[in-house]
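Fold and geometry: a report
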Amino acid sequence: MQAVILVGGEGTRLRPLTSRQPKPVITLVDRPFLVYMLEWLRRHGVDDVILSCGFEPTKIREALGDGSSLGLKLRYVVEPEPRGTAGALKYAADELGGLEDRFLMLNGDVLTDVDVTAQVAQHAATGAVATLGLVPVEDPSAYGLVLCDRDHAVTGFLEKPAPSQLGGIDRYYISAGIYVLEHQVLDMIPSGQNVSIERAIWPALVGNGLHGSRAEGAYWMDIGTPERYLQGTFDILEGNVQTGVAERLGSGFLAVADDVVADGRIVPPAVVGAGSTIAAGAHVGSLVVLGAGVTIGAGARVERAVVLDGVTVGAGAVLADCIVAAGVEIADGAVVRGGAVLGEGVRVGAGNVLSAGIKVFPGTDLPAGAIKF
Ligand code: GDD
Ligand code: MG
């Protein structure tokens, strides 16, 4: 089965993680984010994927190649300018197979294990033109709100609903960004224009073959903000979402590369990459990812944190609830916590206290004691 994955967005809300790397390939635990989507789709019989890119995908191509290592065929389509979610699909139409073949379309920023096989089966059984995967949320305001009748036909689609459009209930179904589509949907999209599938196409299909497929009990998360990136990391480590990482972690919820030198303590769930060292008296975990070549100094404490490749953490430093990108240097005794996000190559001098969701852009040098907040 073919799938088109939209990855044209800029990922601005994930800066500084996306300042130097496009969102689809930022590291999530131990692999590029999009690999989770590709592994999930592969499990559901997808063998041919078209990545719809909004800008030159050199870095995405470098990370994912032609898909052969993942057991599928991966192709790249680059828009001349952003075409919007429907315009991007239209632009990729030439790559899609025969008219009789239905295909999948996906937003490229969700971590999920939704049962797409069941969604495709429902689509086939109802004869729908398009079937939207639906997941329940408490607050639908950042999503596409979908109302269905008893036979799963969509009766209303509201993209980013205003508070006045909500009914005050505690459970709404939203579009998960997982669509099963018949080719005729392509005929509804004008060529060469910026068109939103959520604002132009779904409303036009309400009452004309748009269905919803509720995914109960599945894991689903749009990883588009640092808070959700961190939560997604923890959920992978705890096995709340079905991923390839779970196999690495095993029943002990711990994956430590063979050559790691750990004099300090590692508390699962945790992943520690090749070539990392954890000095005596240091405490790593729980809910920690250390990338490759990370150095944790004596007596340092790291918990609920992502620390990517090549980071050095000084003696007695404290890291908690934070994301530290590759190559960062954290001096002795510094504190990084409270949702702080440090971009690639940042240097944090001694005595700094970084918290309250601070975002430090790549390459920034913070002298000793510069920030205590
Ligand atoms: N190629 C291409 N071109 N891709 C695009 C473009 C474009 O012009 N615009 C957005 N995308 C990609 C983004 O990279 C992302 O993977 C996907 O399309 C959806 O765009 P977002 O910007 O992330 O949308 P959203 O999260 O606010 O809302 C969408 O997703 C929700 C679920 O997470 C909507 O589809 C909602 O209806 C849905 O509930
Ligand atoms: Mg999104």
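All of these numbers come straight from a predicted model, not from anything done at the bench. Throughout this description, residue numbers start from 1 for each chain and increase along the sequence as written. Naming scheme: in the order in which they are written, chains are lettered from A and ligands are numbered from 1. Only residues with pLDDT of at least 70 get local features here, since the model is predicted, and only at 80 or more are side-chain atom pairs given and counted; chain-wide, interface and lining totals rely on the full set of residues. As a rule here, side-chain values come from all non-hydrogen atoms in the structure, and water together with hydrogens is ignored.

Right, let's get into the overall build of the protein chain. Of regular secondary structure, the protein chain possesses eight helices and 31 strands. A compact globule built from 373 residues should have a C-alpha radius of gyration of about 21 Å, and the protein chain, at 22 Å, falls within 12% of that. If one aligns the C-alpha atoms of the protein chain with their principal axes, the spans along those axes are about 65 × 45 × 40 Å. Across the 373 residues that make up the protein chain, the buried fraction comes to 53%. We call two residues contacting when some pair of their heavy atoms lies within 4.5 Å. Sequence-distant contacts in the protein chain: of pairs separated by 6 or more residues, those separated by 24 or more amount to 49%. Per-residue and other accessible areas were derived by the Shrake-Rupley procedure at a 1.4 Å probe size, with only the shown protein chains allowed to occlude residues. Carbon and sulfur atoms make up 49% of the accessible area of the protein chain, which amounts to about 15,000 Å² in all. Neither His nor the chain ends contribute to the count of charged residues, in which Lys and Arg are positive and Asp and Glu negative. Charge positions are represented by NZ for Lys, CZ for Arg, CG for Asp and CD for Glu. Charge-centre separation for the protein chain: the mean point of 28 positive side chains lies 4 Å from the mean point of 42 negative side chains. Counting from the N terminus, the helices are the DSSP runs of H or I reaching at least four residues and the strands are the DSSP runs of E reaching at least two. When we talk radius of gyration, it's over C-alpha atoms, and the globule rule is simply 2.2 Å times the number of residues to the 0.38. Remark: exposure states derive from per-residue accessible area (1.4 Å probe, protein chains only) relative to the maximum for the residue type, with buried under 20%, exposed over 50%, and partly exposed in between.

For the rest of this paragraph, the subject is the packing of aromatic side chains. Each Phe, Tyr or Trp ring (for Trp, its six-membered ring) is paired with any other whose centre lies within 6.5 Å, and the angle between the two planes then decides the class: stacked below 30 degrees, edge-to-face above 60, tilted in between. Across all of its chains, the model carries two aromatic pairs by this definition. Seen from their ring centres, Tyr 143 and Trp 220 are 5.6 Å apart, and the 70° between their planes marks the pair as edge-to-face. In this pair, Tyr 143 is assigned in the loop between strand E8 (130-137) and strand E9 (144-148) and Trp 220 in strand E13 (residues 220-222), connecting sequence segments 77 residues apart. Between Tyr 179 and Trp 202, the aromatic rings sit 4.8 Å apart at their centres with planes inclined by 70°, giving edge-to-face as the arrangement. Placement of Tyr 179 in strand E11 (residues 172-181) and of Trp 202 in helix H6 (residues 197-205) is noted, with a sequence separation of 23 residues between them.

This brings us to the environment of Trp 202. Using a relative accessible area of 0% as the deciding quantity, one classes Trp 202 as buried. Counting along the chain gives 19 residues from Trp 202 to His 183, while the straight-line C-alpha distance between them is 15 Å. Apart from the residues within four sequence positions on either side, Trp 202 is in contact with Ala 130, Leu 132, Phe 157, Tyr 179, Leu 181, Ile 197 and Leu 210.

Looking at the magnesium ion (ligand 2), one finds its protein donor set to be Asp 109 (OD) and Asp 222 (OD), positioned 2.1 to 2.5 Å from the metal centre. Note that Asp 109 is positioned in the loop between strand E6 (103-107) and strand E7 (110-112) and Asp 222 in strand E13, a separation of 113 residues in sequence. Asp 222 matches Asp 109 in its accessibility class, with the two residues each being buried. Here a donor is any nitrogen, oxygen or sulfur atom (N, O, S) within 2.8 Å of the metal, with 3.2 Å used for Na, K and Ca; water is not among the atoms considered, so some sites may look incomplete.

This brings us to the side chain of Thr 112. Within the secondary structure, Thr 112 is located in strand E7. Owing to a relative accessible area of 5%, Thr 112 belongs among the buried residues under this scheme. Under this definition, polar contacts are N or O atom pairs within 3.5 Å; protein pairs additionally need one hydrogen-donor-capable and one acceptor-capable atom, and for neighbouring residues in sequence, both atoms have to be side-chain atoms. A polar contact of 3.0 Å, which involves the side chain of Thr 112, links it to the backbone nitrogen of Val 114. Of the polar contacts made by the side chain of Thr 112, one reaches the backbone oxygen of Tyr 219; its length is 2.6 Å. Ignoring anything within four residues of it in the chain, the contact list for Thr 112 reads Trp 40, Ile 178, Tyr 219, Trp 220 and Val 241.

In this section: the domain arrangement of the protein chain. How far each domain reaches was decided by an automatic or database domain assignment. The domains assigned to the protein chain are domain 1 (2-218) and domain 2 (228-366). The straight-line distance from the C-alpha centre of domain 1 to that of domain 2 is 32 Å. Counting residues at the interface gives 21 residues for domain 1, matched by 27 residues for domain 2. Once two parts are put together, the accessible area they lose, assessed with a 1.4 Å probe and summed over both, is termed the buried area. The junction of domain 1 with domain 2 conceals about 1,900 Å² of combined surface from both sides, 66% of it contributed by carbon and sulfur atoms. The salt bridge definition used is simple: a Lys or Arg side-chain nitrogen within 4 Å of an Asp or Glu carboxyl oxygen. Along the contact surface separating domain 1 from domain 2 lie two salt bridges. In this structure, the connection of domain 1 to domain 2 is made through four residue pairs in polar contact (both at pLDDT 80 or more). For the side of domain 1 that touches domain 2, the secondary structure elements donating two or more residues are strand E2 (27-28), helix H1 (33-43) and E7. By residue number, the principal contributor to the side of domain 1 that touches domain 2 is H1, which donates three residues. Classes in brief: Ala, Val, Leu, Ile, Met, Phe, Trp, Tyr, Cys and Pro nonpolar; Asp, Glu, Lys and Arg charged; the others, Gly included, polar. The residue inventory of the side of domain 1 that touches domain 2, partitioned by class, reads nine nonpolar, four polar and eight charged.

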